[in-house]
Amino acid sequence: DVPALSFLWRDVFGDPLSLTAQFYALLPDMGSAVVAEMDEKLIGAAHVLNGFELVGKRKKHPVVGYIYAVMVAPEYRSLGVGKALTLEVAALAKKRESKLLCTLPADAPLYGWYHRLLGFECVLHRKECEVGCQALEPVSELSATEYLYWRESLLQGKNYLRPSAPM
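S.K.: Would you mind going over the overall build of the protein chain in detail, with residue names and values included?
M.R.: The helix and strand tally for the protein chain stands at five helices and five strands. Looking at the 167 residues of the protein chain, the share that counts as buried comes to 34%. Long-range contacts, defined here as pairs at least 24 residues apart, represent 53% of the contacts in the protein chain between residues at least 6 apart. Of the accessible surface of the protein chain, which amounts to about 11,600 Å², a share of 56% is contributed by carbon and sulfur atoms.

Right under this line is the structure:
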């Protein structure tokens, strides 16, 4: 039920309904979702995006499942719903041949929570920097293919995740 999922996403993460509608339109090709219901009411969901490979110095690149957007309605938190959803999408990713799992939690305390629950460190890191407005070139739209080309060139020599199928 995309409308119910979109409203839950908005309530938990604050994103507009139009954004979540686009995500759910793409989800069948990108991965899967599991949901939690209580008394026929949606109370939580978790997603796993499949089809990434870890690129780096290894000769063989393992398939990676990306645990994404684990959400529980505020009134149902601390009941184990998030834990159950996360374990379910982790198992689903493994069934779909993911050899590794990753996630990038939005809140710092979740790094420890995922480590205790799934037994792995979250090793993706954000890097922020400020760029003066005059240093920016004019903004132009990129196709998905152009974006992937630029992304690959910027990440050369580093470990990173790459979609294993063309977008």
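S.K.: I'd like a description of the pairing of strand β3 (residues 63–72), backed by residues and values.
M.R.: Most of β3 sits out of view: eight of its ten residues are buried. In the sheet, strand β2 (residues 41–55) pairs with β3 via seven bridges, with the strands oriented antiparallel. When the sheet's bridge partners are listed, Ala-45 is paired in β3 with Met-71. Here β3 runs beside strand β4 (residues 100–102); their pairing, made up of three bridges, is parallel. Looking at the pairing, Val-64 lines up with Leu-100 of β4. Note on the crossover from β3 through helix α3 (residues 81–95) to β4: the handedness is right-handed.

S.K.: Account for the nonpolar core, with residues named and values stated.
M.R.: Residues Tyr-24, Ile-67 and Leu-85 are the most contacted members of the largest nonpolar core, which totals 34 residues. Looking at this core, the elements that each hand over two or more residues are α1 (2–13), α2 (17–30), β1 (31–38), β2, β3, α3 and β4. If near-sequence neighbours (up to four positions away) are discounted, Tyr-24 is found in contact with Val-2, Leu-5, Ser-6, Trp-9, His-47 and Met-71.

S.K.: So, the environment of Val-2: which residues are in play, and what are the values?
M.R.: With respect to the helices and strands, Val-2 occurs in helix α1. Since its relative accessible area comes to 38%, Val-2 is described here as partly exposed. In sequence terms Val-2 and Tyr-24 are 22 residues apart; their C-alpha atoms lie 6.8 Å from each other.

How each quantity is defined
Residues numbered from 1 in each chain as written. Predicted model: local features only at pLDDT ≥ 70, side-chain atom pairs only at ≥ 80, totals over all residues. Heavy atoms only, no water. Helix = DSSP H or I, 4+ residues; strand = E, 2+ residues; numbered from the N terminus. Buried < 20%, exposed > 50% of the residue type's maximum accessible area, 1.4 Å probe, protein only. Contact = heavy atoms within 4.5 Å. Areas by Shrake-Rupley, 256 points an atom, 1.4 Å probe, with all protein chains shown as cover. Pairing = 2+ DSSP bridges. Right-handed = clockwise from strand over helix to strand, strands pointing away. Core = buried A, V, L, I, M, F, W, Y, C linked by side-chain atoms within 4.5 Å.

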